[in-house]
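Fold and geometry: a report
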Amino acid sequence: MEMTLEQHLEDTMKNLSIVGVLCTDSQGLNPGCHGTRLDEHTGVVSILAQQAAKLTSNPPDISVVCLESDNGNIIIKKHDGITVAVHKMSCPVTRT
Amino acid sequence: MNGSCCWTLAAPQPKPSMELSPTTTACLPLAQMSRPCSPPSSPRQPDSQGMEQHEYMDRARQYSTRLAVLSSSLTHWKKLPPLPSLTSQPHQVLASEPIPFSDLQQVSRIAAYAYSALSQIRVDAKEELVVQFGIP
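Described below are features of the structure shown in this document. Computed from a predicted structure; not experimentally measured. (Residues numbered from 1 in each chain as written. Chains lettered and ligands numbered in written order. Predicted model: local features only at pLDDT ≥ 70, side-chain atom pairs only at ≥ 80, totals over all residues. Heavy atoms only, no water.)

1. As for the interface of chain A and chain B
When the parts come together, some accessible area is lost, and that loss is often what is quoted as the size of the interface. Taken together, the contact pairs 27 residues of chain A with 21 residues of chain B. Between chain A and chain B, the buried area comes to about 2200 Å², and carbon and sulfur atoms account for 72% of it. For the pair chain A and chain B, the number of links is one salt bridge. Between Asp103 of chain B and Lys88 of chain A there is a salt bridge, and its shortest N-O distance comes to 2.5 Å. Inspection of the chain A/chain B interface yields five residue pairs in polar contact (both at pLDDT 80 or more). At the level of elements, helix H1 (3–13), strand S1 (18–25), strand S3 (64–69), strand S4 (72–79) and strand S5 (82–88) of chain A are the ones that each hand at least two residues to the side of chain A that touches chain B. Per element, the largest residue contribution to the side of chain A that touches chain B is five residues, and it comes from S3 of chain A. Looking at the side of chain A that touches chain B residue by residue, the class counts come to 13 nonpolar, eight polar and six charged. (Contact = heavy atoms within 4.5 Å. Buried area = accessible area lost by both parts, 1.4 Å probe. Salt bridge = Lys/Arg side-chain N within 4 Å of Asp/Glu carboxyl O. Polar contact = N/O pair within 3.5 Å; in protein donor to acceptor, adjacent residues only side chain to side chain. Helix = DSSP H or I, 4+ residues; strand = E, 2+ residues; numbered from the N terminus. Nonpolar A, V, L, I, M, F, W, Y, C, P; charged D, E, K, R; others polar.)

Encoded structure:
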């Protein structure tokens, strides 16, 4: 029954610059992930998005958390009850 | 004087080791007036009247020694774990171009599709959950 979500994550990973994608719910549980080991930090990803949402007083505004590092950027976005974290490299990664 | 709260005008007897000065003798009654009297059984009263200056210094030195011993033994809190660092050159990261808006839009689309995919998850019962029992 999660085939749709799995297919969506696989399609996301077809982008060469994306090396990891993670989905988590409001409780920090992991419905699906691909690529880099983001699944070890599902709780942190969920909490980061929730805390960032508290920084804005305007409800329609949805904040995006960006973690910039030498190994690329991790962009965390919350959409209703689900939080998605995408690990994206600055340069496309060649896959065999 | 009974044990109830009262104000006293009596100054304590000066100690031979204390140097009397006009300000000291003049201010003692006023200082006493600013403090309520304590009952004779108060534990603080014997210390304030029985200790001399060298006893004060000895006690202060003893307390400072104890404090130094305690602070030297508490070393676990000094070894704080280092904060995680995502980069060894933060100025380079800060000076680089910000994350493109196209990336933010891409992540927004991924999150929207993921939410749509998750909302489609439901239990498909292969058999009827409620079975009709036929009693012949």
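Let us keep going from here.
2. Some points on the sheet that holds S5 of chain A
Within a sheet, neighbouring strands are paired by backbone hydrogen bonds and run either parallel or antiparallel to one another. All names here are of chain A. Taken in spatial order, the five strands make up an open sheet running S2-S1-S5-S4-S3, and their pairing is antiparallel. Each end of this open sheet is capped by a strand with a single partner; those strands are strand S2 (32–35) and S3. Neighbour-to-neighbour, the strand axes of the sheet open up by a mean angle of 15°, direction not taken into account. Sheet analysis places S4 next to S5, joined by seven bridges and oriented antiparallel. Counted as the bridge partner of His79 is Ile82 from S5. Contacts from helix H2 (residues 42–53) reach S1, S3, S4 and S5 within the one sheet, and its direction differs from that of S1 by about 75°. (Pairing = 2+ DSSP bridges. Axes fitted to C-alpha atoms, helices over the stretch in contact; angles between N-to-C directions.)

3. Here's the deal with the nonpolar core
Leu5, Val21, Cys23, Val84 and Val86 of chain A together with Ile110 and Ala114 of chain B are the most contacted members of the largest nonpolar core, which has 16 residues in total. Those elements giving two or more residues to this core turn out to be H1, S1 and S5 of chain A together with helix H5 (101–119) of chain B. The element that contributes the greatest number of residues to this core is H5 of chain B, accounting for five residues. Contact partners of Ala114 of chain B, with chain neighbours within four places excluded, come to Leu5, His8, Cys23, Ile82 and Val84 of chain A. Within the second largest apolar cluster, nine residues are counted, among which are Leu38, Ala49, Ala52 and Ile76 of chain A. (Core = buried A, V, L, I, M, F, W, Y, C linked by side-chain atoms within 4.5 Å. Buried < 20%, exposed > 50% of the residue type's maximum accessible area, 1.4 Å probe, protein only.)

4. Here's the deal with the side chain of Ser17 of chain A
Residue and element names in this part refer to chain A. Within the secondary structure, Ser17 is located in the loop between H1 and S1. Classification of Ser17 as buried rests on a relative accessible area of 9%. At 3.0 Å, the side chain of Ser17 forms a polar contact with the side chain of Asn15.

Limitation: the analysis is restricted to geometry and does not speak to function.
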